[in-house]
Amino acid sequence: MKLRDTLSRQLQPVTADDSGVVSVYSCGPTVYDYPHLGNWYAFLRWDLLIRTLRADGFKPVWVMNITDVGHLVSDGDEGEDKLAKKARSERKTAYEVADFYTSYFLEALKRLNFTAPDHLPKASQHIEQQISLIEELEKKGFTYLIDDGVYYDTAKLADYGKLAKLDKEGVQAGARVEFNPQKRNATDFALWKLTPANQVRDMEWDSPWGKGFPGWHLECSAMCRHYLGQPINIHAGGIDHIPVHHTNELAQSEAAYDRPLAKIWLHSDFITVNGEKMSKSLNNFYTLEDIEAKGYDLRVLRLAVFSVRYRSLADFNWDMMEAADRRLSRLQALSARRYQLQGAGEADVLASRLQTTLEEVGRELADDLNSPKALEKLDEVAQGLAAEKMPDAVKPHLEAFIREVDEIFGLKLSELADLRPEQRELLDKRAAAREVGDFNLGDRLREELSAGGIKVLDTDYGQIWRPS
Ligand SMILES: [Zn+2]
């Protein structure tokens with residue numbers, strides 16, 4: 001399997017340790033609000049990455065952090081902590097805000113049928129690891145203390161900014177004039193922010209430099225190393241993380257431990273909504289609840305997300321949700337065929353067609369997660385077999401195919417139930433009516449079935465039903 005590594009700007013083969021373990025760290029949510037579609041796109045893309053690695057025979061170990069402290073409003077070192085700000089506006093403590101949105105997030109992972117991350121560490125519970133990382137940097141001379149905290153001196157790291165190909169002089173010149181005048185370089189960032197003398201924060205800890213809280217970038221470096229070691233195989237996040245967050249994570253980890261942080265850096269591109277940038281003023285920060293309010297199953301969202309490759313700009317709109325909904329219906333129709341096989345006959349040709357499709361899907365995903373192409377392969381087989389006669393002998397092959405598709409795309413097609421007895425009865429009645437030429441009754445029964453969510457297709461060898 002190959003992935004496009006942001007640092008080398010090239011496709012790189014995925015590597016594993018001797019026992020096949022691939023360590024993956026993806027930057028998770030800041031738990032101060034409901035995640036919006038842009039967040040879910042990135043998270044779902046990493047879910048597909050993990051599922052693909054597993055299908056490829058690797059043993060992924062996935063860490064996704066929960067940011068509950070230190071992420072400032074500006075994403076840099078300016079402004080208030082996002083959680084502290086929300087807590088103030090909701091008259092709650094930062095811990096209450098974090099608990100609420102963390103529970104929501106974990107529940108939402110289940111609703112979206114995520115493969116469970118192996119670890120979901122919270123920044124606030126790994127203060128010790130973060131402090132020892134700062135101490136390591138301090139020992140090596142990468143830090144300095146100013147009035148509001150401990151900072152990382154980016155001038156000390158020769159290749160600082162290599163991930164984003166930052167033009168350091170350009171950044172210096174372009175820095176806003178109001179940036180903290182005690183900072184040595186515009187790109188320097190806080191490792192530890194001190195609580196001002198006259199303040200008390202909900203979230204603050206003692207440290208060798210005084211009471212305060214860790215910088216946002218620090219948690220990822222510290223928890224990544226704590227759970228996965230260094231270097232890890234794959235580090236993933238949104239492209240908005242490249243210039244600051246990942247640049248600084250990389251700078252901390254590489255300076256502290258003299259080796260690369262990650263072998264492959266993977267970045268998920270932005271999404272637009274109806275061609276426009278997501279923004280508060282356009283009120284287009286859709287949440288999962290907005291998707292469900294429009295009547296969509298969340299599996300449709302999975303398919304919508306996977307219909308665009310992770311490193312391409314994706315436009316979210318209701319037309320593409322409709323297309324994803326039709327795609328899910330076609331796959332459900334194929335899954336329903338498990339319950340309506342048609343007697344004796346050879347299965348070889350169909351079995352090999354299903355097998356070939358799985359191989360093609362695997363090849364497309366192994367090619368830098370080309371999920372749109374992989375889904376096209378599924379469309380081809382689902383459409384091609386829609387009206388084809390399937391003998392009983394196809395059953396184990398079809399069941400295995402559906403299971404594998406579920407493993408990779410998380411669509412729960414295997415969970416589709418057979419007809420209920422009363423639906424079966426209507427279907428049999430309809431067959432009998434058509435047998436004796438009573439097409440009026442046949443049509444009425446078709447409508448009745450349709451009202452109950454079952455569509456019927458007439459073929460040369462009888463009726464085929466599928467969920468609508
Ligand atoms: Zn991170």
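Residues numbered from 1 in each chain as written. Predicted model: local features only at pLDDT ≥ 70, side-chain atom pairs only at ≥ 80, totals over all residues. Heavy atoms only, no water.

**Quick look at the coordination of the zinc ion**
Note the cut-off: Any N, O or S atom lying within 2.8 Å of the metal counts as a donor, and for Na, K and Ca the limit rises to 3.2 Å; water is left out, so some sites can look incomplete. Site shape is set this way: if four donors have all angles between 85 and 135 degrees, tetrahedral; if opposite donors are over 155 degrees apart and all others between 65 and 115, square planar for four donors and octahedral for six; otherwise irregular. By the criteria applied, helices consist of DSSP H or I runs no shorter than four residues and strands consist of E runs no shorter than two, each listed in order from the N terminus. Per-residue accessibility, obtained with a 1.4 Å probe over protein chains only, is compared with the maximum for each type, and a residue is labelled buried under 20%, exposed over 50%, and partly exposed between these values.
Distances from the zinc ion to its protein donors, namely Cys27 (SG), Cys220 (SG), His245 (NE2) and Glu249 (OE), fall within the range 2.0 to 2.4 Å. Here the zinc ion is ringed by four donor atoms whose angles at the metal span 80 to 130°, and the overall shape comes out irregular. For the zinc ion, all donor residues lie on one chain, and their spacing in sequence is C-x192-C-x24-H-x3-E. Pair noted here: cysteine 27 is in the loop between strand 3 (21-26) and helix 1 (37-55) and histidine 245 is in helix 7 (residues 242-257), with a separation of 218 residues, a long-range link. Summarising the burial analysis for this pair, cysteine 27 and histidine 245 share the class buried.

**Topic: the pairing of strand 6 (residues 149-152)**
Across a regular strand the side chains alternate sides, sitting on one face of the sheet and then on the other. Our working rule: Here, a strand pair is defined by DSSP locating no fewer than two bridges between the strands.
Where strand 5 (residues 143-146) lies against strand 6, four bridges are found, and the strand directions are antiparallel. For leucine 145, the partnering residue across the bridge sits in strand 6 and is valine 150. Between strand 5 and strand 6, which pair antiparallel and follow one another directly, the connecting turn spans two residues. Of the pairings in the sheet, the one linking strand 6 to strand 7 (residues 189-194) comprises four bridges and is antiparallel in character. The residue of strand 7 that forms the bridge with valine 150 is tryptophan 192.

**Concerning the pairing of strand 2 (residues 10-13)**
By the bridge criterion, four bridges tie strand 1 (residues 2-5) to strand 2 in an arrangement that is antiparallel. Pairing of aspartate 5 across the sheet is with glutamine 10, part of strand 2. Taking the residues between adjacent antiparallel strands as the criterion, strand 1 and strand 2 are bridged by four residues, where arginine 9 takes a positive phi near 60°.

**Here's the deal with the sheet that holds strand 7**
Quick reminder of the rule: Helix axes are fitted to C-alpha atoms over the stretch in contact, other axes to C-alpha atoms as well, and angles between N-to-C directions run from 0 to 180 degrees. Any two residues whose heavy atoms approach within 4.5 Å are treated as being in contact.
Spatial ordering of the open sheet is given by 5-6-7-8, a layout of four strands whose pairing is antiparallel. Unpaired on one side and paired on the other, strand 5 and strand 8 (212-214) mark the two borders of the sheet. Each adjacent strand pair in this sheet contributes to an overall mean axis angle of 25°, direction not counted. Against the sheet, helix 4 (residues 127-139) engages strand 5, strand 6, strand 7 and strand 8, with an angle of about 120° to strand 7.

**Brief notes about the nonpolar core**
The criterion, for reference: In these notes, a set of buried Ala, Val, Leu, Ile, Met, Phe, Trp, Tyr and Cys residues joined through side-chain atoms within 4.5 Å is what counts as a nonpolar core. The split of the chain into domains comes from an automatic or database domain assignment.
Counting residues in hydrophobic clusters, the biggest one holds 114 residues, and the most contacted among them are Leu49, Ile234, Leu301, Phe316, Met321 and Phe409. Counting residues per element, this core draws most heavily on helix 1, at eleven residues. Split by domain, this core shows at least three residues from each of two domains, domain 1 (2-268) and domain 2 (276-415). With 14 residues, the next largest nonpolar core counts Tyr25, Val63, Cys224 and Trp265 among its residues.

**So, the packing of helix 11 (residues 348-366) against helix 12 (residues 371-384)**
What counts, and what does not: Any angle that is under 35 degrees is reported as roughly parallel, and any over 145 degrees as roughly antiparallel; angles of 65 to 115 degrees are reported as roughly perpendicular and all others as oblique. The sense of a crossing depends on the near helix, which, turned anticlockwise from the far helix by less than a right angle, makes the crossing left-handed and, turned clockwise, makes it right-handed.
Taken N-terminus to C-terminus, the directions of helix 11 and helix 12 make an angle of 165°; their axes are 7 Å apart at the nearest point. With respect to helix 12, the element helix 11 is oriented roughly antiparallel. Here helix 11 and helix 12 pass one another in a crossing that is right-handed. Where helix 11 abuts helix 12, its residues Arg353, Leu354, Thr357, Glu360, Val361, Glu364 and Leu365 lie against Ser371, Lys373, Ala374, Lys377, Leu378, Glu380, Val381 and Gly384.

**Quick notes on the pattern of salt bridges**
Defined as follows: Each salt bridge in this description consists of a side-chain nitrogen of Lys or Arg and a carboxyl oxygen of Asp or Glu lying within 4 Å of one another.
In total, this model carries 27 salt bridges according to the counting rule given. Linking aspartate 297 and arginine 299 is a salt bridge whose minimum nitrogen-to-oxygen distance equals 2.9 Å. Through salt bridges with shared partners, a single ionic network connects Asp33, Lys86, Glu90 and Lys92.

**Examining the side chain of histidine 245**
Histidine 245 sits in the buried class, given a relative accessible area of 1%. With sequence-adjacent residues up to four places away left out, histidine 245 is seen in contact with Cys27, Trp216, His217 and Cys220.

**A few points about the state of the cysteines**
Formally: Sulfur atoms of two cysteines make up a disulfide when they are within 2.5 Å.
Counting across every chain of the model gives zero disulfides. Unpaired in terms of disulfides, cysteine 224 finds its nearest cysteine sulfur in cysteine 220, a separation of 7.8 Å.

**Regarding the packing of aromatic side chains**
Operational definition: Here the aromatic set is Phe, Tyr and Trp, taking the six-membered ring for Trp, and pairing holds for ring centres within 6.5 Å; pairs whose planes are under 30 degrees apart are stacked, those over 60 apart are edge-to-face, and all others are tilted. The criterion for a charge sitting over a ring is simple: Lys NZ or Arg CZ within 6 Å of the ring centre, and within 35 degrees of the ring normal.
Applying the stated criterion across every chain, the model contains 19 aromatic pairs. On the numbers, 5.4 Å between centres and 10° between planes, the contact of tryptophan 40 with phenylalanine 105 is stacked. With a gap of 65 residues between them, tryptophan 40 in helix 1 and phenylalanine 105 in helix 3 (residues 94-111) connect regions that are remote in the sequence. We classify tryptophan 40 as buried; its relative accessible area is 0%. A relative accessible area of 1% means that phenylalanine 105 is categorised as buried. For the cation-ring pair, arginine 225 lies above tyrosine 257, with the distance from its terminal atom to the ring centre recorded as 3.6 Å. Against the face of tryptophan 318 rests lysine 294, its NZ or CZ located 4.8 Å from the ring centre.

**With respect to the domain arrangement of the protein**
The cut-off we apply is this: Note: buried area is the sum, over both parts, of the accessible area (probe 1.4 Å) each one loses when the two are combined.
Partitioning the protein into domains gives domain 1 (2-268), domain 2 (276-415) and domain 3 (421-467). Relative to domain 2, the C-alpha centre of domain 1 lies at a distance of 33 Å. Counting residues at the interface gives 30 residues for domain 1, matched by 36 residues for domain 2. When the area that domain 1 buries against domain 2 is broken down by residue, the three leading residues are Leu37, Tyr41 and Leu48, summing to 24%. Between domain 1 and domain 2 we count three salt bridges in total. The salt bridge partner of aspartate 47 is arginine 302, with a shortest N-O separation of 2.2 Å.

**Topic: the environment of lysine 122**
Looking at where lysine 122 falls in the secondary structure, it is placed in the loop between helix 3 and helix 4. Residue classification places lysine 122 among the partly exposed residues on the basis of a relative accessible area of 21%. Taking the C-alpha atoms as reference, lysine 122 lies 6.1 Å from threonine 67; in sequence the two are 55 residues apart. With residues near it in sequence (within four places) discarded, lysine 122 still touches Ile66, Asp68, Asp99, Thr102 and Met223.

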